[in-house]
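Residue-level structural notes
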Amino acid sequence: MQVQSDRREPSLPEAQMGRILDSARRAIGELACTVEALDRELAEVHTAAIPAHLDRLGGHGVEVFRGEAAVRQLLEDATMTVRGQVLSMNPGAPPAAALLVAGRRRDEEVLGRRVSIRTIHSESMLRVPRGRAHLKALRRAGGQIRISATLPYRLIVLDADLAFVPPPNSGGAEPALVVVRNPDLVSLFVQTFEFCWQEARPAEVAPPSRQGPTARQYQVLRLMQLGYKDEAIAREIGVSSRTMRRIVRELFEQLDATGRFSAGMAAQARGWLVPPRSREGCS
């Protein structure tokens, strides 16, 4: 009787496997070094190419202004010449307080001449007191404001025939502004603004509510007080992460808070940490 034995392929000796792994690690390390070197070269080329690229734009309905004084004077002059409307997109974190004050002064002067202003700001403007204060003042002066989670770039368009866009410059470079008068390019910028305007939502910058939280907001505040993170709170109350972010954002806006600690202090001061039913029964 024949006995059938299991026939298996002989495994590679441990030493041979080790050599293969060492060789693979060296190859990966060399590749990583090559990628890093290419990244550095690309950054150098990009930095060197920007000034040359901007210089070549001159004479095609595009002009570049460099330097803080030149850019500031350019914006001041534009404030005096605009007659119909201003469109602007403002991505990123809120500017420093001094820059916001200067910008608001220009906007109020323009609105005082019955010029229309439509502006889209990043959501981050609602998260800090100076941002909310700026938007409230602009709305009181007659500006139309919308908020967006994402915006493609900073933009100002005057009277649909002149556009300002910042050049893509590296950190530490001097301030610069690209002035575009080419009708086709300005028209493209206007179309981009209108698309972003339709996708944005109206800015809710009314004074914080004093009537107390909803039952869900109370739940969130209590869990925050117990040290729960946003993800854990979302699971606890059965909502998505996106809904949780919206609830927290609305809470911070109502409490005029910039973070969990200030929200907790404001909620405590207003009696928001009392359960809604208990609050309703109090005289």
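To be clear, the structure that these remarks concern was listed above.
Reading the values: the criteria
- Residues numbered from 1 in each chain as written.
- Predicted model: local features only at pLDDT ≥ 70, side-chain atom pairs only at ≥ 80, totals over all residues.
- Heavy atoms only, no water.
- Salt bridge = Lys/Arg side-chain N within 4 Å of Asp/Glu carboxyl O.
- Helix = DSSP H or I, 4+ residues; strand = E, 2+ residues; numbered from the N terminus.
- Expected span 1.5 Å × (residues − 1).
- Buried < 20%, exposed > 50% of the residue type's maximum accessible area, 1.4 Å probe, protein only.
- Arc of directions from axis to C-beta.
- Contact = heavy atoms within 4.5 Å.
- Pairing = 2+ DSSP bridges.
- Axes fitted to C-alpha atoms, helices over the stretch in contact; angles between N-to-C directions.

We now examine the pattern of salt bridges. Applying the stated rule across the entire model yields nine salt bridges. We note a salt bridge from Glu 68 to Arg 72, for which the minimum N-O separation is 3.6 Å. One end of the pair, Glu 68, and the other, Arg 72, are both in helix H2 (residues 68-81), four residues apart, so they sit about a helical turn from each other. Across the pair Arg 113 and Glu 109 runs a salt bridge, and its minimum N-O distance is 2.6 Å. What you see here is one network of salt bridges that share partners, running through Glu 76, Arg 105 and Arg 106.

A few words on H2. The terminal C-alpha atoms of H2 lie 20 Å apart, and with 14 residues this matches the ideal 20 Å at 1.5 Å per residue to within 8%. When H2 is considered as a whole, its buried residues turn out to be Val 71, Leu 74, Leu 75, Ala 78 and Thr 79. Along the long axis of H2, the arc covered by the buried residues comes to 140 degrees, so they all point the same way. Of the exposed residues in H2, the ones pointing more than 90 degrees away from its buried face are Ala 69, Met 80 and Thr 81. Of the surrounding secondary structure, the elements contacted by the buried residues of H2 are strand E1 (62-66), helix H3 (97-112), strand E5 (155-158), strand E6 (162-165) and strand E7 (176-180).

As a further point, take unusual backbone geometry. Residues other than glycine seldom take positive phi values, yet Arg 114 does so here, at roughly 65 degrees. Its identity as a non-glycine residue notwithstanding, Ala 160 has a phi of 60 degrees, on the positive side. Structurally, Ala 160 is set in the loop between E5 and E6.

The next point concerns the sheet that holds E5. The mixed open sheet is built from eight strands, whose spatial order is E1-E7-E6-E5-E2-E3-E4-E8. Each edge of the open sheet is held by one strand with a lone partner, namely E1 and strand E8 (201-202). Note: strand E2 (residues 85-90) against strand E3 (residues 116-122), six bridges, orientation parallel. Bridge assignment links Gln 85 to a residue of E3, and that residue is Ser 116. Docked against the sheet, helix H4 (residues 129-141) engages E3 and strand E4 (144-148), running at close to 145 degrees with respect to E4.

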